[in-house]
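Single-letter residue listing:
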Amino acid sequence: MKLIRIFVMNKLSIILTLFFLNIVSLKADDIKDFEIEGMSIGSSLLDYYTVDEINQNIDPNIYKDKDGKFKLVGFYGKFGEYDGMQFAFKSSDPKFLIYGINAGIFYSDINECFKQKKSISSEISKLFKEVDSYFDNKQIHPADKTNKSYVLTDAFFLKTGSVSVKCFDWSEEITKKYGWSDNLRVGVKLKEYNDWLD
């Protein structure tokens, strides 16, 4: 599968097409300028789904230990190159405005995820040379009380939010309990949502 195509159109101009992340503007300072599968931060989930579809697909196991300010809804199936999409929105917002988007691909071999993460992050880092970023940040996932599941993250921080590329390596216990599979996620988040997650 060809995931990234790069076309060079003189020394000053690079057009980058990522199947994992569709970037509207290469010089975007506002996270709302980014799209994943045609969906962007700040738009309403109601443009894509009904209230019933949203409520039926909220995962009650995600953020169950938080204060409830945000909810995460997931839709699974084929979304272009993705196997699923997740959207964060404020629990009290009747407009269901999107504060975060995750697009994921499931892997049976976590090493394939690591390779894709590295490749995608390498291309994103060319776009954001002067932003705060980190690579290969490994953290135990708090959903797994056995401490056997972890997330390996590359992240890029803009003034209004962040772009991240992550590999989730779930333990067998978590996979059996929740049905979660190892996956790659490309995420775009508003700063307010990022701050809440921390």
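Residues numbered from 1 in each chain as written. Predicted model: local features only at pLDDT ≥ 70, side-chain atom pairs only at ≥ 80, totals over all residues. Heavy atoms only, no water.

Draft legend 1. Quick peek at the state of the cysteines. Scanning the entire structure with this criterion turns up one disulfide. Sulfur-sulfur distance for the disulfide between C113 and C167 comes to 2.2 Å. Judged by the torsion about the S-S bond (-110°), the C113/C167 disulfide is left-handed. With C113 in helix α2 (residues 110-127) and C167 in strand β11 (residues 161-169), the pair connects residues that are 54 residues apart, well separated along the chain. The pair formed by C113 and C167 is uniform in burial state, with each residue classed as buried. (Disulfide = S-S within 2.5 Å. Helix = DSSP H or I, 4+ residues; strand = E, 2+ residues; numbered from the N terminus. Buried < 20%, exposed > 50% of the residue type's maximum accessible area, 1.4 Å probe, protein only.)

Draft legend 2. Representation of the sheet that holds β11. The strand order across the open sheet built from seven strands is β6-β7-β8-β12-β11-β10-β9, with neighbouring strands paired in antiparallel fashion. Edge positions in the sheet fall to β6 (70-79) and β9 (132-140), since each has one partner strand and no second. Taken over all neighbouring pairs, the strand axes of this sheet differ in orientation by 15° on average, direction set aside. In terms of strand pairing, β11 meets strand β12 (residues 183-190) through eight bridges, oriented antiparallel. Counterpart to V163 in the pairing with β12 is V188. Sheet strands in contact with α2 are β9, β10 (150-157), β11 and β12, and its direction is about 165° off that of β11. (Pairing = 2+ DSSP bridges. Axes fitted to C-alpha atoms, helices over the stretch in contact; angles between N-to-C directions. Contact = heavy atoms within 4.5 Å.)

Draft legend 3. Representation of the pattern of salt bridges within the structure. Counted by the stated rule, this structure contains nine salt bridges. Between K117 and D136 there is a salt bridge, with its nearest N and O atoms 2.7 Å apart. In this pair, K117 is assigned in helix α2 and D136 in strand β9, connecting sequence segments 19 residues apart. Relative accessible area serves as the criterion here: at 2%, K117 is assigned to the buried category. (Salt bridge = Lys/Arg side-chain N within 4 Å of Asp/Glu carboxyl O.)

Draft legend 4. Structural detail: the nonpolar core. L45, M85 and F87 are the most contacted members of the largest nonpolar core, which has 41 residues in total. Sorting the residues of this core by element identifies β4 (34-36), β6, β7 (82-90), β8 (100-106), α2, β11, β12 and α4 (191-197) as the ones contributing at least two each. If you look at the next biggest cluster of nonpolar residues, it comprises six residues, including V151, F168, I174 and W180. (Core = buried A, V, L, I, M, F, W, Y, C linked by side-chain atoms within 4.5 Å.)

Draft legend 5. Just the side chain of S164, in detail. Structurally, the position occupied by S164 is in strand β11. For S164, a relative accessible area of 5% translates into the label buried. Every residue in contact with S164, bar those within four places of it in the chain, is listed here: D154, A155, R185, V186, G187 and K189.

Draft legend 6. Geometry of the packing of aromatic side chains. Counted according to the given criterion, the structure contains 18 aromatic pairs. Plain terms: the ring middles of Y63 and Y193 are 6.5 Å apart, the flat faces sit at 80° to each other, and that makes the pair edge-to-face. Taken together, the residues Y63 in the loop between α1 (51-56) and β6 and Y193 in helix α4 connect sequence positions 130 residues apart. An angle of 55° between the planes, with centres 5.0 Å apart, marks the rings of F70 and Y193 as tilted. Within this pair, whereas F70 is found in strand β6, its partner Y193 is found in helix α4, the two being separated by 123 residues in sequence. Using a relative accessible area of 1% as the deciding quantity, one classes Y193 as buried. An aromatic cluster is built from Y63, F70, Y99, Y193 and W196, whose rings are joined through pairwise contacts. Between the NZ or CZ atom of K66 and the centre of the ring of W196, over which it lies, the distance is 4.6 Å. Here R185 stacks its cationic end above the ring of F168, 3.7 Å away from the centre of that ring. (Phe/Tyr/Trp six-rings, centres within 6.5 Å; stacked < 30°, edge-to-face > 60°. Lys NZ or Arg CZ within 6 Å of the ring centre and 35° of its normal.)

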